Amino acid sequence: MGSRQSQGDHMLFIKHSNSGGVMVLLVYVDDIIVMGNDESKSQILRKSLAKEFEIKELGRLKYFLRIDVAQSRLGRFISQQKYITDLLKEKGKLACRPVSTPINPNHKLGEAEEDSAVNRESYQRLLGKLIYLLHTKPDIAYAIGVVS
């Protein structure tokens, strides 16, 4: 195949062609995503994979691992809007209004009051969900780092 394995994600393979083409293959458990800017080369790769594996073609990518994928002639755009809405609904915070900066950069956390009852497991689960949002919302990284 002639592709390179990503150092950031070992299930991501990238191939660059001399003509400026890029092809990406991402494997997650039993799902494979093939994307590129040369449809004929993508088709060749799909056919090659079909010779080795049982493949079911699902068409254009729209949703993967709770990430929405919108495609247009301008490119591909990812969003976790549905994931965010579901999370706000789960926590009863749908009426919250967004802010431009989620936390003051000079904010210092103090000691927790003894009587404040926080379910540690629930807090850790919420924190994990917020960390997952960093794929599409890197602007909240500092705030998540402060509370983790």
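Here the structure is shown first, and the text comes after it.
Predicted model, so just to flag it, every value in this text is computed and none were measured. (Residues numbered from 1 in each chain as written. Predicted model: local features only at pLDDT ≥ 70, side-chain atom pairs only at ≥ 80, totals over all residues. Heavy atoms only, no water.)

(A) How the structure looks around the pattern of salt bridges. Inspection of every chain in the model, using the stated rule, returns six salt bridges. Note that Arg 46 and Glu 39 form a salt bridge whose closest N and O atoms lie 3.2 Å from each other. One network of salt bridges, with partners in common, ties together Glu 39, Arg 46 and Glu 57. (Salt bridge = Lys/Arg side-chain N within 4 Å of Asp/Glu carboxyl O.)

(B) Structural detail: empty space enclosed by the protein. Under the defined criterion, the tally for this structure stands at one cavity of 30 Å³ or more. Together, Lys 15, His 16, Ser 17, Gly 21, Val 22, Met 23, Gly 36, Asn 37, Asp 38, Lys 41 and Ser 42 line the largest cavity. For the lining of the largest cavity, the elements supplying multiple residues, two or more each, are strand E2 (12–16), strand E3 (22–28) and helix H1 (39–52). Classifying every residue of the lining of the largest cavity by side-chain character gives two nonpolar, six polar and three charged. (1 Å grid on protein atoms, 1.4 Å probe; cavity = no way out; pocket = protein on both sides within 12 Å on 5 of 7 lines; lining within 4 Å. Points joined across faces, edges and corners; volume = space filled by probe spheres on them. Helix = DSSP H or I, 4+ residues; strand = E, 2+ residues; numbered from the N terminus. Nonpolar A, V, L, I, M, F, W, Y, C, P; charged D, E, K, R; others polar.)

(C) The arrangement of a nonpolar patch on the surface in detail. A cluster of nonpolar residues, Leu 109, Val 118, Tyr 123 and Val 147, forms a patch on the protein surface that exposes about 370 Å² of accessible area. Within the fold, Val 147 resides in helix H4 (residues 141–147). (Patch = residues over 30% accessible without salt bridge, like charges linked within 9 Å, V, L, I, M, F, W, Y side chains within 5 Å. Areas by Shrake-Rupley, 256 points an atom, 1.4 Å probe, with all protein chains shown as cover.)

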